[in-house]
Amino acid sequence: MKQLILRQLKPYLTAFLALGALTALFTLLVLFALPASEFRLLLLFLALLTGGALILAPFIIALVLFVQLLYRPYGNYELTLPLTPQSQLFLRFGFALVFVLLGAAVFLPCALALLPLIDLMPVLGVSAEDILSVVYAYLSSEPILIFEAVLLLLLMLSFELAFLYFLCASGQHFPMLRGAMPFLVYLFCTVVVFPLLTDYLLLPVFFYIGAWSMPFAGLAAVLFFGLVDAALLYFVYMTLSRRIDVK
C-alpha cells in the first residue's frame, strides 16, 4: 500500500514543485522587470503558461494513471493488492483533486498580481481592477454567495476529473470498441448532451430561480453538480469493481 501511494504521489509532487516554482519565479520577475521592456512581456507569457500547466498537469497525470489501471494487463501491480475499489478510486481521485487545488492556491495569487498588468480595455472596455471589484461587490452582497461560489468551483473541478474517469471507464463496457468509445462518448457529450442540457434545462431553471433568489440559484447549482459528480463516480466505481472481480 505504501509503495502504491508513493507511486501515485511522485508524478504529482514532481509536477507541482517544478511548475509551481517556475510560476512563482516568472511572476516575481514580471513584477520587478522594467514596465516597457519586451522581456517583461515574455516573462508575463511564461508565467501564465506555467500557471496554466500547473492547473492542467494533475488532470493529465490522473488520466494517465487511471488509464494504466484500466487498460494494463490483469496482472498489473495495483490489482494484486488487497485494496477495495473504493480505495483504488479514492486514492487516484483524491490525489488529483488535492494537487489541482494546490496548483490553484499557487497560481491564483500570481494571476491576481499579473492581471492588472494585462490591458483588457481594447477587448472588454474595462480594466481588470473594475472587473474584480464588481465581482467582489456582487458576491459580498449576500455572504452565502461567496461560500456557494467556492463550493461550486470545487464541485466543477471534481466534475472535470470525474468526467475524465467516466470516459476512460466507458470503454470497459464495450470490448470491441474499448479504445474508440471514450472519444465517441466525449464527442457525443460535448456536441449534443451538454449544449442541449445547458440551453433547455440548466440556464432556464437557474435564471428563473435567480430572478427570485440568487442564494437559492447557487444552492440549486451546487446540488446539481454534486449529484452529477456522485453519478459519474458511482459509474466509475462499478466499472472498477467489475475489473477487479474479473482479476
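Heads up: the structure comes first, above all this text.
A short tour of the structure in this document, coming up. (Residues numbered from 1 in each chain as written. Predicted model: local features only at pLDDT ≥ 70, side-chain atom pairs only at ≥ 80, totals over all residues. Heavy atoms only, no water.)

Thoughts on the packing of helix α6 (residues 143–170) against helix α7 (residues 181–212)
The condition that has to hold: For every element, the axis is a line fit to its C-alpha atoms; helices are fit only across the contacting stretch, and the angle between N-to-C directions ranges from 0 to 180 degrees. Secondary structure elements are defined from DSSP: runs of H or I of at least 4 residues count as helices, runs of E of at least 2 residues count as strands, and each element is numbered from the N terminus. Oblique is the label for every angle not falling under 35 degrees (roughly parallel), over 145 degrees (roughly antiparallel), or within 65 to 115 degrees (roughly perpendicular). Note on convention: the crossing is left-handed when the near helix lies turned anticlockwise from the far helix by less than a right angle, right-handed when the turn is clockwise. Contacts are assigned to residue pairs with any non-hydrogen atoms lying within 4.5 Å of each other.
Contact geometry for α6 and α7: axes closest at 7 Å, N-to-C directions at 130 degrees. Classified by the interaxial angle, the pair formed by α6 and α7 is oblique. For the pair α6 and α7, the crossing hand works out as right-handed. Counting all contacts with α6, which are made through Phe159, Phe163, Phe166, Leu167, Cys168 and Ser170, the residues of α7 involved are Met181, Pro182, Val185, Tyr186, Cys189 and Phe194.

Observations regarding the packing of aromatic side chains
Our working rule: Aromatic rings from Phe, Tyr and Trp, taking only the six-membered ring of Trp, are treated as a pair when their centres fall within 6.5 Å; an angle between ring planes under 30 degrees marks them as stacked, one over 60 as edge-to-face, and anything in between as tilted. Three exposure classes are used, based on accessible area relative to the maximum for each residue type with a 1.4 Å probe and protein chains only: buried under 20%, partly exposed in between, and exposed over 50%.
Under the criterion given, the structure shown has 15 aromatic pairs. Ring geometry for Phe163 versus Tyr186: centroids 6.5 Å apart, planes at 40 degrees, classification tilted. Taken as a pair, Phe163 in helix α6 and Tyr186 in helix α7 lie far apart in primary sequence, 23 residues in all. A relative accessible area of 7% places Phe163 in the buried class. When its relative accessible area of 40% is taken as the criterion, Tyr186 is described as partly exposed. Between the aromatic rings of Tyr234 and Tyr237, the centroid separation amounts to 6.4 Å while the plane-to-plane angle is 45 degrees, which identifies the pairing as tilted. Residue Tyr234 and its partner Tyr237 are located together in helix α8 (residues 214–246), separated by three residues, close to a single helical turn. Residue Tyr234 is classed as exposed on the basis of its relative accessible area, which comes to 52%. With relative accessibility at 23%, the residue Tyr237 sits in the partly exposed group.

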